[in-house]
Amino acid sequence: MTVNLEVAEGVGTLRLDRPPMNALDIATQDRLKELAEEATRREDVRAVVIYGGERVFAAGADIKEMQDMDHTAMVLRARALQDAFTAVARIPKPVVAAVTGYALGGGCELALCADFRIAADNAKLGQPEILLGLIPGAGGTQRLPRLVGPSKAKDLIFTGRQVKADEALAIGLVDRVVPAAEVYEQAHAWAAKLAQGPAIALRAAKESIDTGLETDIDTGLAVERNWFAGLFATEDRERGMRSFVAEGPGKAKFL
């Protein structure tokens, strides 16, 4: 399989496994969607890590496969391509990308689907589609400007240039840079910590933030209000408040 889902300590690792560069061909895209939906359903998965292995995250689409596709073929395929990445972005649980080596094109777009990005100090990220006479097609023109702002997104997309980890951190494309050997360990630790938290409240927080970024503030406030009130019906809310009153902040156990 080109993508695998491995579960440990409440963390599901979506691991790309298509050597040597984890090129995201159609079969890999479809498998990614399938496993993202599985991670969404599974109760034993409370947080997710996206990982490509020690050498490379994902170097982009399979260009040889795409070269043989004409306009009609891509019209029929483009929605499925976006749906695969959207399935990752809509996992209603904390998701962290552990970025090693290259995260280019579709690889960068996949990292953009995470809530948090930890990159190796030797990582390189970018959207080089323009160099093929194309634009990003798996969400890059939408998710990248929402993350780093329109001006920086246009710089990366218009030029197709690659950015090293330090620049990626400076512009907000990644959130933490660590030694290459520590990327997965730190990503898993981040996910495992959140996997111990209140699952419904984390889902509510993620949906409220993501919906708010895509709509007007009144609609976003309505989503927040409904989730906020709804959480008063959960056992986690009762447990959290009871612990706060009896023991002080930060002592509640949600599992």
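**Digging into the environment of Gln-82**
For Gln-82, the location among the structural elements is in helix 3 (residues 71-89). Remark: the alpha-carbon pair of Gln-82 and Lys-164, spanning 82 residues in sequence, is separated by 26 Å. If near-sequence neighbours (up to four positions away) are discounted, Gln-82 is found in contact with Gly-137 and Ala-138. Of note is the side chain of Gln-82, whose polar atom sits 3.4 Å from the backbone oxygen of Gly-137.

**Quick word on the environment of Phe-228**
Mapped onto the fold, Phe-228 is located in helix 10 (residues 217-230). As a C-alpha pair, Phe-228 and Ser-208 span 20 residues in sequence and 9.6 Å in three-dimensional space.

**Let's talk about the nonpolar core**
Counting 60 residues, the largest nonpolar core has Phe-57, Val-99, Leu-125 and Leu-173 as the members making the most contacts within it. With six residues, helix 3 is the single largest residue contributor to this core. The residues touching Leu-125, leaving out its near neighbours within four places in the chain, are Val-99, Ala-103, Leu-104, Cys-108, Arg-161, Gln-162, Val-163, Ala-168, Leu-173 and Val-174.

**Details of the sheet that holds strand 4 (residues 95-99)**
On the basis of which strands lie adjacent, the open sheet formed by six strands has the order 1-2-3-4-6-9 and mixed pairing. Taken across any chain shown, the strands that pair with only one partner, and hence form the sheet edges, are strand 1 (3-8) and strand 9 (176-178). The sheet shows a mean angle of 20° between the axes of neighbouring strands, taken without regard to direction. Judged from the four bridges that link them, strand 3 (residues 47-51) and strand 4 form a sheet pairing that is parallel. When the bridges of strand 4 are listed, Val-48 appears paired with Val-95.

**What about the pairing of strand 3?**
The element strand 3 is extensively covered by neighbouring structure, given that five of its five residues are classed as buried. Across the two faces of strand 3 the burial is the same, with Ala-47, Val-49 and Tyr-51 and Val-48 and Ile-50 all buried. Strand direction decides the pairing type here: strand 2 (residues 11-16) and strand 3, joined by five bridges, are parallel. Bridge assignment links Arg-15 to a residue of strand 3, and that residue is Tyr-51.

**Considerations on the sheet that holds strand 7 (residues 124-126)**
Strand-to-strand pairing in sheets goes through backbone hydrogen bonds, with the strands running parallel or antiparallel. Strand order in this open sheet of three strands is 5-7-8, and the pairing throughout is mixed. Two strands bound the open sheet, and with one partner strand each, they are strand 5 (102-104) and strand 8 (162-164). Adjacent strand axes in the sheet meet at a mean angle of 20° when their direction is disregarded. Sheet topology note: the strand 5/strand 7 ladder contains three bridges and is parallel. Along strand 7, the bridge assignment pairs Leu-104 with Gly-126.

**A few points about the pattern of salt bridges**
Within the structure shown, the criterion is met by 14 salt bridges. Between Arg-31 and Glu-34 there is a salt bridge, with its nearest N and O atoms 3.0 Å apart. A residue pair is termed a helical-turn pair when its members lie 3 or 4 positions apart in one helix, as Arg-31 and Glu-34 do in helix 1 (residues 26-41) at three residues. By relative accessible area, Arg-31 is classed as buried at 17%. Two residues, Arg-42 and Glu-38, come together in a salt bridge whose shortest N-O distance is 2.9 Å. Using a relative accessible area of 27% as the deciding quantity, one classes Arg-42 as partly exposed.

Basis of the calculations
Residues numbered from 1 in each chain as written. Predicted model: local features only at pLDDT ≥ 70, side-chain atom pairs only at ≥ 80, totals over all residues. Heavy atoms only, no water. Helix = DSSP H or I, 4+ residues; strand = E, 2+ residues; numbered from the N terminus. Contact = heavy atoms within 4.5 Å. Polar contact = N/O pair within 3.5 Å; in protein donor to acceptor, adjacent residues only side chain to side chain. Core = buried A, V, L, I, M, F, W, Y, C linked by side-chain atoms within 4.5 Å. Buried < 20%, exposed > 50% of the residue type's maximum accessible area, 1.4 Å probe, protein only. Pairing = 2+ DSSP bridges. Axes fitted to C-alpha atoms, helices over the stretch in contact; angles between N-to-C directions. Salt bridge = Lys/Arg side-chain N within 4 Å of Asp/Glu carboxyl O.

Any functional reading would require information that these geometric values do not contain.
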